[in-house]
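These are the residues of each chain, in order.
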Amino acid sequence: MRRLSLIPALLAALLAAGAGVALAEPPFRLVDRVSDQAQVLGPGQTAQVNAAIQRLRAEDGIDLFVVYVNSFDGASPQAWADQTAQLSQLGTEDVLLAVATGDRAYYISVADGFPLSVAETDRIRTRDVEPRLAAGDWAGAAIGLADGLRTAGSSGPGVPVGVLVVGGAAVLGGGAYLFARQRRKARADAPAAAGAGPPPPAQRDEFSDVSTDDLAYRASAALIDVDDAVRTSEQELSAARAHFGDQAVAEFAAALEQSRADMLAAFEVRQQLDDDQPEDEPTKRSMYGRIIRTAGAADKRLDARVEAFDKLRGLEAKAPEYIAGLGGRLDSVTARLPEVATSWSALQGRYAAPALAPVAGNLDQARQLLTAAQAEVDEARTELATPGPAAAVVSGRAAEDAITQAETLLDGIGRREAELADAAGRVSAARAEVVQDLAEARALSASNDAGDLGPVVARAEAAVAAADQAASAQQPDPISALRLLDEAGTALDQGLDQARMAKDRARRAAAALDQAVLTARSTVSAAGDFIATRRGAVGSEARTRLAEAQRHLQQAGAGGDPVAALREAQQADALAQEALRLAQTDVSRWSRPVPSPTASSGIDLGSLILGGILAGSRGGGYYGGGRSRGGGFGGGGAPRRSPGSFGGSATRGRRGGGGRF
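Residues numbered from 1 in each chain as written. Predicted model: local features only at pLDDT ≥ 70, side-chain atom pairs only at ≥ 80, totals over all residues. Heavy atoms only, no water.

J.: In this structure, what is going on with the pairing of strand 2 (residues 63-69)? I would like to understand it.
T.: For a regular strand, side chains alternate in direction, first toward one face of the sheet and then toward the other. For strand 2, the buried fraction is high: 7 of the 7 residues fall into the buried class. Here strand 2 shows two buried faces, one formed by Asp63, Phe65, Val67 and Val69 and the other by Leu64, Val66 and Tyr68. Taken together, strand 1 (residues 34-36), helix 2 (residues 45-60) and strand 2 form a β-α-β motif whose crossover is left-handed. With 7 bridges joining them, strand 2 and strand 3 (residues 94-100) adopt parallel strand pairing. Note that in strand 3 the partner of leucine 64 across the bridge is valine 95. For the crossover from strand 2 across helix 3 (residues 77-87) to strand 3, the handedness is right-handed. (Buried < 20%, exposed > 50% of the residue type's maximum accessible area, 1.4 Å probe, protein only. Helix = DSSP H or I, 4+ residues; strand = E, 2+ residues; numbered from the N terminus. Right-handed = clockwise from strand over helix to strand, strands pointing away. Pairing = 2+ DSSP bridges.)

If you want it as structure tokens, here you go:
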């Protein structure tokens, strides 16, 4: 038992002592129940989390607070969460879920006297929270915690503040690889055994009896399993390659590469589920099923190679040689420590601390891993005699994985040095490109037809200034400088693309404007003449459209943005066409009045009324009834219907303005 727990415990301690990352957030007082400082929640997800929190509060009286940050600012997850809870004055019925997305660490903090037992809350954490966090389902983790607390049917003794859960970024020691895979296989086989029976028909969905929520959980668990399997297999392969050579592990390497590709495909599907494009229920279920099948196939492929891989190694039969080889490899890696320590000291004097943050704890962690590996090798040598080779192999595997991880940590320092040197060599060219784009953006911003580039220019100028400071400081950070320039260049590229499009639209609009104004003016004039010469029969709708068309035509000729002017001219043309159509409809329903016996035989009274010359006497001629002044024409104002009308009204077709834009 001691050996099985040594490496995970050591790595967990090293993790807690590791350096922080950029964009850290110190503990702070929570204002809202959901605080997304890391900006990981998509559209609508904050409302979903709040809804789950409200259900929990209404049904159980438990209040849940959730906070997402990029980093815990170098503090342990427990210390960060507990301090935030204290600053926020959370009570005994309050729960805090703190998640550091960049650190990939989390902690659930409760107060003394919390009603649920440790066993119950642990079950909720491992079942409802951790798998979703590992899969990047940030909102789902919070909702899972809220729903898990809400549906928990037991209440147990309280737990001390801060001792409920230490989530963090759990690290599995490579030495326990086979044991971990056996546990995972046991978990995977258990449901199948419980539901043993005839296989389902080929055409039936194997997940038809599984709820969507459970399907989502299974998909998250499958992603976690395959990710763990691939990562651990990578360590196994690295150790085996060093021990036996490339040819002996070629088949295992091919299987690992294929499983890695399958794993990435499964994660891609999960990302599609998490993006801001919602899927309907059948699509979600299909995608969850695809994740489970793809990840499961990748995991099984690796499982199939484990037995053959171990047979290849034949460790138990060659235990003395194997342990001796580990001792030589351990000595070789330990001999690298002084050289790497010298390089690390030089890097600390040359570059800023943020530039070295990703590898800041590597040297110390490597030393501790090598110390642990030495202890395992010493014990393995003792165990060769008693209890025997099998026990010695278990110790040897723990030592081997510790040595492999120490090598990775030491290699990381040299790799970071090369990356910083490469970045420093690229800063000048990247800056020149951004400055060139800035000059173009300033020139376009000065014109009136390229959109508003002012904010983009201001942000890019600030980024260039910050990059200059990062690159030219006494202890520079060339990677940060390059990142700032890259972000500025990306923003400028997008802004310039939009500005060029706006300028091109303005050019094309200016070319089309004269023709559009001519067309609109012609149509407005035609409609105006028609209405003016038949105004005795034309109603208010046609006149309204004409007035609006005239207003848009005036706006089109006012100058300014040619795109807007073109739109105004097109709108004027469409409205004038509508005015003319409505006026023609009115006139078609107009009936000529019966001539009065007193009227002069040389005057066409119908034309006079239609033209509006006798504007006060429309009652006998305008369709739909009108008012008469002083008796008027046509029998005291009684309306006459046009042939074909019924019930005193007629259909006028489409109503409302509109047209091209």
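J.: In this structure, what is going on with the confidence of the model for the protein? I would like to understand it.
T.: Note: predicted coordinates in regions of low pLDDT should not be interpreted at a detailed level. In this model, the protein carries a mean pLDDT of 76, and residues with pLDDT of at least 70 account for 75%. Note that residues 616-661 has pLDDT below 50 and, in this model, 78 contacts with residues that lie over four places away or in other chains. (pLDDT = per-residue confidence, 0-100. Contact = heavy atoms within 4.5 Å.)

J.: I'm lost on the side chain of serine 71 in this one. Help?
T.: Summarising the element assignment, serine 71 is placed in the loop between strand 2 and helix 3. There is a polar contact of 3.2 Å between the side chain of serine 71 and the backbone nitrogen of aspartate 73. (Polar contact = N/O pair within 3.5 Å; in protein donor to acceptor, adjacent residues only side chain to side chain.)

J.: I keep staring at unusual backbone geometry and nothing clicks. Help me out?
T.: With an omega dihedral of 10 degrees, the bond running from threonine 386 to proline 387 counts as a cis peptide bond. Following the sequence through the fold, proline 387 ends up in the loop between helix 13 (362-383) and helix 14 (389-446). One non-glycine residue, aspartate 73, adopts positive backbone phi at about 60 degrees. With respect to the helices and strands, the residue aspartate 73 is situated in the loop between strand 2 and helix 3. Positioned with a positive phi, glutamine 89 is a non-glycine residue whose angle comes to about 55 degrees. On the secondary structure map, glutamine 89 appears in the loop between helix 3 and strand 3.

J.: Mind showing me how you'd approach the pattern of salt bridges here?
T.: What the rule picks out here adds up to 29 salt bridges. In this structure, the salt-bridge partner of aspartate 364 is arginine 367, at a minimum N-O distance of 3.2 Å. Of this pair, aspartate 364 and arginine 367 both sit in helix 13, separated by 3 residues, roughly a single helical turn. By relative accessible area, which is 45% here, aspartate 364 ends up partly exposed. What makes arginine 367 partly exposed here is its relative accessible area of 36%. Here glutamate 548 and arginine 551 are joined by a salt bridge, their closest N and O atoms 2.5 Å apart. You can see glutamate 548 and its partner arginine 551 sitting in helix 17 (residues 540-556), 3 residues apart, about one turn around the helix. Connected via shared salt-bridge partners are Arg55, Glu59, Asp147 and Arg150. (Salt bridge = Lys/Arg side-chain N within 4 Å of Asp/Glu carboxyl O.)

J.: Help me out: how do you make sense of a negative patch on the surface in this one?
T.: Residues Asp213, Asp214, Asp280 and Glu281 make up a contiguous surface patch of negative charge. Within the fold, aspartate 280 resides in the loop between helix 8 (250-274) and helix 9 (281-313). (Patch = residues over 30% accessible without salt bridge, like charges linked within 9 Å, V, L, I, M, F, W, Y side chains within 5 Å. Areas by Shrake-Rupley, 256 points an atom, 1.4 Å probe, with all protein chains shown as cover. Lys, Arg positive; Asp, Glu negative; His and termini not counted. Charge placed at Lys NZ, Arg CZ, Asp CG, Glu CD.)

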